[in-house]
Amino acid sequence: MAVRLAALLPRAVIVAVIWVLGTAAFTFAADSTIVGPSRSSTPSAAAKPTELMVPSVTGQAYVFAKGILEDSGFAWRVSGSVRGYSSNRVLTQSPAAGTRVIDTGAPTIVLRLVRGPYEQLGRPDDAASYPGTPIRLANLAAATAPAAPVKKPAAKKPVAKKSAAKKPAAKKPAAKKPAAKPKQMQKPVVKPKKQTVRAARPPAFDVAGAPREPLDEITLSARALRLEAWAAKRPKSSANVQHWLYQHAWIVTGAGFGWSHGAQALETLIRVDQHLQQRWGIGRKSEAVARAALARVRRHTR
């Protein structure tokens, strides 16, 4: 009997150990909770793209329309049978003036031109000197953007009413001292502000339908002198040639419109063209255009 009990004792111990371990694992599983990653309920707001407004260049001379578009951050190209000569006028533009577009770098405006009152001289310039980017309307971009979540305002806590404070007893007014006689004050001298009056620029002659000279720009003679000083220090490059041609077209076109000091500006411009022929090896055709414009201006001003 004792031998049989000794043989069964190890088995009983093993069964007891297995039962204890199983009970502990079940208790640990019952008390544990699984925690998952938290998700944000509000999506991150996308950055709002920069918008540009298309300026109005319809009816402007092509040489002025190019400057307006370039200053506003746009590129352009000419469409249609009429080429991009400086004296031609803008008939239509696409998109229309006032349209808001996304700033994609240099949104391209399509221009259709009509023949101007002057001869088409020089080389036509049908597109901007830098690459343009496609047009993206700002209204369409705003319509496709996801709406931001609306936050509910927090409920205001009721404010407890304060008990009315007791008013202090009225004090007897102190005896008033005799008021001292006021000293005579000298009136401050106000100097009149200097008003900046822009000098009038009477036109050299009148041209039917020609735009008036913009007073926020320098005169034609000052522009020509500035171009002469600029050309004396600049080497020949694609960017410098484009700058010279742009200023050249501005002066020739403005003098043809009868703007003030047009003849003086053209004389300086001819000197610039002769100087660039020696330094850059170009400028013969531009000099011929400036001389023809000078002859027309002198005929009108007699």
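Asker: Hey, could you run me through the nonpolar core in this one?
Answerer: Within the largest apolar cluster, 31 residues are counted, with the highest numbers of intra-cluster contacts made by F64, W244, L266 and L269. Elements represented by at least two residues in this core include exactly α2 (62-71), α4 (220-231), α5 (238-256), α6 (262-279) and α7 (284-301). Sorting elements by how many residues they give to this core places α5 first, with seven residues. Counting 18 residues, the second-largest nonpolar core is a separate cluster that includes A65, L69, V78 and A106.

Asker: Sorry if this is basic, but what is going on with the packing of aromatic side chains here?
Answerer: Given two aromatic rings, their pairing is described by the distance between the two centres and the angle made by the two planes. Within the structure shown, the criterion is met by eight aromatic pairs. Ring centres of F64 and W259 lie 5.3 Å apart, and the angle between their planes is 10°; this geometry places the pair in the stacked category. Of this pair, F64 sits in helix α2 while W259 is found in the loop between α5 and α6, placing the two residues 195 residues apart along the sequence. Here F64 matches W259 in class, with each residue buried.

Asker: Sorry if this is basic, but what is going on with the sheet that holds strand β3 (residues 89-94) here?
Answerer: Sheet strands pair via backbone hydrogen bonds, and the direction of the pair is either parallel or antiparallel. One open sheet holds the three strands; their spatial order is β2-β5-β3, and the pairing between them is mixed. Each of the sheet's edge strands pairs with one partner strand only, and the pair in question is β2 (75-78) and β3. Averaged over all pairs of adjacent strands, the angle between strand axes in this sheet comes to 35°, irrespective of strand direction. Pairing of β3 with strand β5 (residues 108-114), which is carried by five bridges, proceeds in the antiparallel orientation. Each bridged residue has a counterpart across the sheet, and for Q93 the counterpart in β5 is L111.

Asker: Is there a simple way to explain α6 in this structure?
Answerer: For an α-helix the count is 3.6 residues per turn, leaving residues at separations of three or four pointing the same way. Here α6 spans 26 Å end to end across 18 residues, near enough to the 26 Å set by a 1.5 Å rise per residue. Along α6, the positions that sit buried rather than exposed are G262, A265, L266, T268, L269, I270, V272, D273 and L276. Buried residues belonging to α6 abut α4, α5 and α7. Looking one or two places after α6, you find G281, whose phi comes out positive at around 80°.

Asker: In this structure, what is going on with the packing of α4 against α5? I would like to understand it.
Answerer: Between two packed helices, both the angle of their axes relative to each other and the distance between the axes serve to describe the pair. Interaxial distance between α4 and α5 falls to 10 Å at its minimum, and their mutual angle equals 160°. On the basis of the axis angle, α4 is roughly antiparallel to α5. Taken as a pair, α4 and α5 cross one another with a handedness that is left-handed. For the pair α4 and α5, the contacting residues are L220, R223, A224, L227 and W230 in the first and N240, H243, W244, Q247, W250, I251, G254 and A255 in the second.

What counts and how
- Residues numbered from 1 in each chain as written.
- Predicted model: local features only at pLDDT ≥ 70, side-chain atom pairs only at ≥ 80, totals over all residues.
- Heavy atoms only, no water.
- Core = buried A, V, L, I, M, F, W, Y, C linked by side-chain atoms within 4.5 Å.
- Buried < 20%, exposed > 50% of the residue type's maximum accessible area, 1.4 Å probe, protein only.
- Helix = DSSP H or I, 4+ residues; strand = E, 2+ residues; numbered from the N terminus.
- Phe/Tyr/Trp six-rings, centres within 6.5 Å; stacked < 30°, edge-to-face > 60°.
- Pairing = 2+ DSSP bridges.
- Axes fitted to C-alpha atoms, helices over the stretch in contact; angles between N-to-C directions.
- Expected span 1.5 Å × (residues − 1).
- Contact = heavy atoms within 4.5 Å.
- Parallel < 35°, antiparallel > 145°, perpendicular 65-115°, else oblique.
- Left-handed = near helix turned anticlockwise from the far one by under 90°.

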